[in-house]
Structure formats: structure tokens, C-alpha cells
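Secondary and tertiary structure notes
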Amino acid sequence: MLAGGVGGSRFVRGVREECARRWPDGEGGTEASVTVVVNTGDDIWLSGVRLMPDFDSLLYSLAGVNDTERGWGRAGETERVAAELREWGVGWPWFTLGDLDLGTHLARTAWLREGLTPSQITERLQQRWPLGVRLLPATDTEVDTHVRVADPEASDPEASDAETRGKREMHFQEWWTRYHATLPALAFRQQNIADARPAPGVAEAIADADLVLVAPSNPVVSIGTILAVPGMREALAATTAPVVGVSPIIGGKVVRGMADACLPAIGVETSAEAVGRHYGFRRDGGLLDAWLVDETDAAAAGSLTADGLLAASAPLWMHDLDRSADLAGAAIDLGTAGRSA
Ligand SMILES: C[C@H](OP(=O)(O)O)C(=O)O
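Each value, and the rule that gives it
- Residues numbered from 1 in each chain as written.
- Predicted model: local features only at pLDDT ≥ 70, side-chain atom pairs only at ≥ 80, totals over all residues.
- Heavy atoms only, no water.
- Phe/Tyr/Trp six-rings, centres within 6.5 Å; stacked < 30°, edge-to-face > 60°.
- Lys NZ or Arg CZ within 6 Å of the ring centre and 35° of its normal.
- Buried < 20%, exposed > 50% of the residue type's maximum accessible area, 1.4 Å probe, protein only.
- Helix = DSSP H or I, 4+ residues; strand = E, 2+ residues; numbered from the N terminus.
- Arc of directions from axis to C-beta.
- Contact = heavy atoms within 4.5 Å.
- Pairing = 2+ DSSP bridges.
- Axes fitted to C-alpha atoms, helices over the stretch in contact; angles between N-to-C directions.
- Parallel < 35°, antiparallel > 145°, perpendicular 65-115°, else oblique.
- Left-handed = near helix turned anticlockwise from the far one by under 90°.
- Nonpolar A, V, L, I, M, F, W, Y, C, P; charged D, E, K, R; others polar.
- pLDDT = per-residue confidence, 0-100.
- Domains from an automatic or database assignment.
- Buried area = accessible area lost by both parts, 1.4 Å probe.
- Polar contact = N/O pair within 3.5 Å; in protein donor to acceptor, adjacent residues only side chain to side chain.

The chain appears in an unreviewed UniProt entry as 2-phospho-L-lactate transferase from Agromyces allii.

1. Focus on the packing of aromatic side chains
Within this structure, the stated rule accounts for 7 aromatic pairs. Their ring planes at 45 degrees and their centres at 6.1 Å tell us that W175 and W176 sit as a pair that is tilted. Against the face of W72 rests R70, its NZ or CZ located 3.9 Å from the ring centre.

2. Looking at helix α12 (residues 298-306)
Listing the buried residues of α12 in full gives A300, A301 and L304. Considered in projection along α12, the buried side chains sweep an arc of 100 degrees and stay on one side of the axis. α12 presents A299 and A306 as exposed residues on the side facing more than 90 degrees away from its buried surface. Tucked into the core, α12 has its buried residues touching α11 (272-279), β13 (290-294) and β14 (310-314). Downstream of α12 by a residue or two, G308 has a phi angle that is positive, lying close to 85 degrees.

3. Let's talk about the sheet that holds strand β8 (residues 185-190)
Across a sheet, paired strands are connected by hydrogen bonds in the backbone, their directions being either parallel or antiparallel. Spatially, β7-β6-β8 is the arrangement adopted by the 3 strands of the open sheet, whose pairing is antiparallel. Of all strands in the sheet, those with a lone pairing partner are β7 (167-171) and β8, marking the two edges. Ignoring strand direction, the axes of neighbouring strands in this sheet form an average angle of 25 degrees. Of the strand pairs in this sheet, strand β6 (residues 145-150) and β8 are connected by 5 bridges, and their pairing is antiparallel. In the sheet register, H146 faces β8, and the bridge partner there is R189.

4. Notes on the packing of helix α4 (residues 99-113) against helix α5 (residues 118-126)
Relative orientation of the contacting elements α4 and α5 amounts to 135 degrees, with a least axis distance of 10 Å. One finds that α4 runs oblique with respect to α5. Both α4 and α5 take part in a crossing whose hand is right-handed. Note on element contacts: α5 touches α4 through P118, I121, R124 and L125, opposite T104, R108, W111 and L112. Residues that form the contact of α4 with α5 fall into these classes: 5 nonpolar, 1 polar and 2 charged.

5. A look at the confidence of the model for the chain
Overall, the predicted model of the chain reaches an average pLDDT of 94, with 95% of residues at or above 70. The complex prediction reports pTM at 0.95, with the ipTM value standing at 0.93.

6. Some thoughts on the domain arrangement of the chain
By domain assignment, the chain separates into domain 1 (1-60 + 132-144 + 193-341) and domain 2 (145-190). Contact with domain 1, which involves 18 residues of that partner, is made by 15 residues of domain 2. Summed over both partners, the interface of domain 1 with domain 2 comes to about 1,300 Å²; 65% of that surface belongs to carbon and sulfur atoms. Together, D144, M258 and A265 form the three largest contributors to the area buried by domain 1 at its contact with domain 2, with a combined 37%. Put simply, domain 1 and domain 2 have 8 residue pairs in polar contact (both at pLDDT 80 or more) between them. Per-class residue counts for the side of domain 1 that touches domain 2 are 11 nonpolar, 4 polar and 3 charged.

Below, the structure is given as C-alpha cells:
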């Protein structure tokens, strides 16, 4: 499965639940083996520590130690260290690091300093709780996403170059957290992306899969970053497993997050059909064998089907674990249909 952290967590928990329903192993787990290839484009160095927000969201959520009310971070979190950092003028005052969360970042940074790779570290972090799925970072290379934004205040009177006037670039986390994606995004750029390779185990997991699911995550900064890693698209094109995507857009609106602020930068409309066509179908050299949209977007599925593509509709709202599992079941069924088609 390919996933980001927010929509990704809910969907992955649904997949784990649905696998336990369909293929129980008698101990409350499942015989199915689920591997999640996690977006690393949101990662950042901040206050001297390495953050991997999507990986940590998945880790905390699958472990059941996440803050379900805020939708991010650890349950029972305190912010004493963040208050001290603010006094020292270290880090970003608008980006609060919780104390428990900082423990994870400190451990990760200590292991990085010891020479471990991000995939070795994520493996270590997963040993603390039985997650029931395996999480792999998409790549071990630091591919932090930067956003080029339109900002009239960035006008540098000295700048003679129309290309740079009224524009500036910032880390994705600053755009997302400080500006809540309100500065119009012109482009997204992942640092070092040309030198990146899929992390160890990623290409093998895709090659050996019976089914590949694309979570209803942000198509630009989460799934888009995973797909931008050189070698990833080739691995997905080569697998014999059906690739089934789930739309992150319902009725022309984002389910959560701010994908609608990202899609215009890549010239894609905020609609279930447009995102499906943007991923493209394997028949035409794209990503998908099948695309799952919400029932309210049944017309989009009809329009894709009329073009000879496999698409279906099902309830996509993941209000609770049961509904997330039902959605995962619909995606698995669509994959089975894709395989026999
Ligand atoms: C909702 C979506 O979640 P993610 O891509 O982190 O899974 C997003 O943040 O736009």
C-alpha cells in the first residue's frame, strides 16, 4: 500500500481490520501480510531533530497511542519542552513539538547520528508496539518537499528577474502549518529526488504483492512524492498485482487535509475523476488498474467505465473503524475484479 499520514492512517487501520475479518489467524490478528510504503516528503529537520510526520502518524495510530481528538501526535501529550524552546528562540513558534513526540524525534536523531539509515530506524521504532502491518519509508534519501509560493510581499525591489519577483520557496511544513496552505502554491519540489531510490524492501514488497492499494492520501505531496522516487513507478508498472486507488476527493471536496490547495499547482481539478485520470491507468502507461470513488461520485466512475477503465463507487467516508474496514473491503474486492478482468 502507498500512503501518507492523515488519510493514510485511517485507511491503513481499516485495511488491518478488514484483513483480520477476512483472514483471521485465531489470535485476533491476520494471516495477511500488509506492507505500507510511507511518504517521506513531509519530513524535516527542526530544532536539531529529524521529524518524520507521516511515519509517526501511522506508527502512533496503528499502536493506538495517537491523539484522536486533535488528529495528530500522541495521546496525553504535554508541551513543556516546546515552551522552553520558544523561550530560547529555537525552532518555529507555530510548530509545537510535544514532549512524548520529541522522545521519538530524539531517539531517531540519535540513531541517525550512530549511522543507522531511516529504514533501519523505522524498523526499530516499530518494534515497540505490535502494529500488525509493516511500515517502510518510501526512500532513505532526504527528499523534503519545498513549496514555491506566490507572495506579493516577497517582492524584492532589487529583483530584476520576473521569475523570482513576488515568489518565494519554503519547506512544505512552513506552508502547511504556518500559512495553512493559504499562500497560492505554484510548484512543489522534493530535494535530492533525482538521487533517491526506493528504500530497501520497497521494490520487493511491490513485486511480491497480491494487491497494491493507493490510500486516499494527498495525491500531490504524499502519493505524488512516493511516485516521484526514481524506480518507484517502474516497480509499480512491473508488478503482477492489481493496483487499486481510493479517491481522496468526495463530491469535489477534500475528505481532510488541504489537497485542494495542492492540486492546482499540478493543473489537476479537485474532483474524484480528475485525480483518477491524473494517476492514469496502467493500460495507458499510468498507475492504476482500478479507481474507487464515493457513491456521490458514481457519475465519475461511469465516465471512466465508459472509457473502458475499471472504476466503482462505494461509501468512502471513514467515520469509524468499521466504515474504514468496509472501504478497505471494497478496494480489495475491486482488486480481485481487476485481476480476473
Ligand atoms: C488527507 C491527506 O492525508 P495524507 O496525505 O497525510 O494521508 C492530506 O494531508 O492531504
